[in-house]
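# Observations on the three-dimensional arrangement
Given next are the chains, with one letter for each unit.
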Amino acid sequence: MSRPLLAAATTAITVTMAITACSSSPSSSAKPPASSAPATSAAPAGGSGGGSGSGSGSTATVKSNWEKFFKGSTPNSQREKLLQNGSTFAKTISGMSAMGNSASAKVASVKLTSPKQATVTYTVYLGKTAALPNAKGVAVLENGAWKVSDASFCQLLTLENGGKPPSVCSSAS
């Protein structure tokens, strides 16, 4: 990806996820965790998607919740519920701009890696333009709901912050 397109993608992600000013702190690398057991349970987050307890129900719920988190028109209070440890990031996602309504994400694949974790391949769009294609992230089952992992969110914040993890990410999983 060219530098201008990467800058546009990270700016889009910034607007989409209501990222406001973040202070820098190199205290965390914010890498997603790894695991390898099959999934056995799922639950919806904030009424989005249902989990049947089966692998296909879990993957459908992960996809639905992931796409809702990145959708520009999703209220910030709902995003907080769709993000692991969302209350920790409340200030970070509180200033949504109307420009973010054109942003979205499309999940290409979900691979369940444990009963409480899945790898997600997705593309962030600005309107119909793929701004961040084939990005990789991790979804986690937290309190019975599939959510975007705080580590995945912090990876995007770190991109937006010039490669330095913001201080809010120091406690990310």
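Residues numbered from 1 in each chain as written. Predicted model: local features only at pLDDT ≥ 70, side-chain atom pairs only at ≥ 80, totals over all residues. Heavy atoms only, no water.

We now examine the nonpolar core. Among the nonpolar cores identified, the biggest contains 29 residues, and Trp66, Phe70, Phe89 and Tyr122 are the most heavily contacted of them. Secondary structure elements with two or more residues in this core: α2 (55-70), β1 (103-114), β2 (117-126), β3 (129-142), β4 (145-148) and α4 (150-160). When near neighbours in sequence (up to four residues on either side) are disregarded, tryptophan 66 contacts Val107, Val120, Tyr122, Gly137, Val138, Ala139, Val148, Ser149 and Ser152. (Core = buried A, V, L, I, M, F, W, Y, C linked by side-chain atoms within 4.5 Å. Buried < 20%, exposed > 50% of the residue type's maximum accessible area, 1.4 Å probe, protein only. Helix = DSSP H or I, 4+ residues; strand = E, 2+ residues; numbered from the N terminus. Contact = heavy atoms within 4.5 Å.)

Moving on to the pairing of β3. When β2 meets β3, the two strands line up antiparallel, connected through nine bridges. Along β3, the bridge assignment pairs threonine 121 with lysine 136. Remark: two residues form the turn of the hairpin made by β2 and β3, two consecutive strands paired antiparallel; glycine 127 in that turn has positive phi of roughly 65°. Judged from the four bridges that link them, β3 and β4 form a sheet pairing that is antiparallel. Its bridge partner lying in β4, glutamate 142 is registered against alanine 145. As consecutive antiparallel partners, β3 and β4 are separated by two residues, and within that stretch asparagine 143 has a phi angle of approximately 50°, a positive value. (Pairing = 2+ DSSP bridges.)

Turning to the pairing of β1, a few remarks are in order. Where β1 meets β2, 10 bridges bridge the pair, whose relative direction is antiparallel. Residue pairing across strands places serine 109 opposite threonine 121, the latter belonging to β2.

Taking strand neighbours across the sheet as the criterion, the four strands line up as β1-β2-β3-β4 in an open arrangement whose pairing is antiparallel. Each edge of the open sheet carries a strand with a single partner, namely β1 and β4. The mean inter-strand angle of the sheet, taken between neighbouring strand axes irrespective of direction, is 30°. Seen against the sheet, α2 touches β1, β2, β3 and β4 and runs at an angle of roughly 150° to β1. Packing of α4 onto the sheet brings it into contact with β2, β3 and β4, and relative to β3 it is tilted by some 150°. (Axes fitted to C-alpha atoms, helices over the stretch in contact; angles between N-to-C directions.)

The next thing to look at is the confidence of the model for the chain. Of all residues in the chain, 65% attain a pLDDT of 70 or more, and the chain-wide mean is 73. With pLDDT under 50 throughout, residues 1-12 is counted as low confidence; its partners more than four residues away or in other chains account for 13 contacts. Segment residues 14-54: pLDDT under 50, and 123 contacts once partners within four positions in sequence are set aside and those in other chains are kept. (pLDDT = per-residue confidence, 0-100.)

Here the structure, examined in full by the defined rule, presents six aromatic pairs. Ring geometry for phenylalanine 69 against phenylalanine 70: centres 5.1 Å apart, planes inclined by 85°, an arrangement best described as edge-to-face. You'll find phenylalanine 69 and phenylalanine 70 in the same group, each marked buried. In this structure an aromatic cluster arises from ring pairing among Trp66, Phe69, Phe70, Phe89, Tyr122 and Phe153. (Phe/Tyr/Trp six-rings, centres within 6.5 Å; stacked < 30°, edge-to-face > 60°.)

Counted under the stated rule, the structure contains one disulfide. At a sulfur-sulfur separation of 2.1 Å, the disulfide partner of cysteine 154 is cysteine 169. Between cysteine 154 and cysteine 169, the S-S torsion sits near -95°, and that sign places the bridge as left-handed. Of this pair, cysteine 154 sits in helix α4 while cysteine 169 sits in the segment after α4, and the two are 15 residues apart along the sequence. Residue classification places cysteine 154 among the buried positions, given a relative accessible area of 0%. Residue class for cysteine 169 comes out buried when judged on its relative accessible area of 0%. (Disulfide = S-S within 2.5 Å.)

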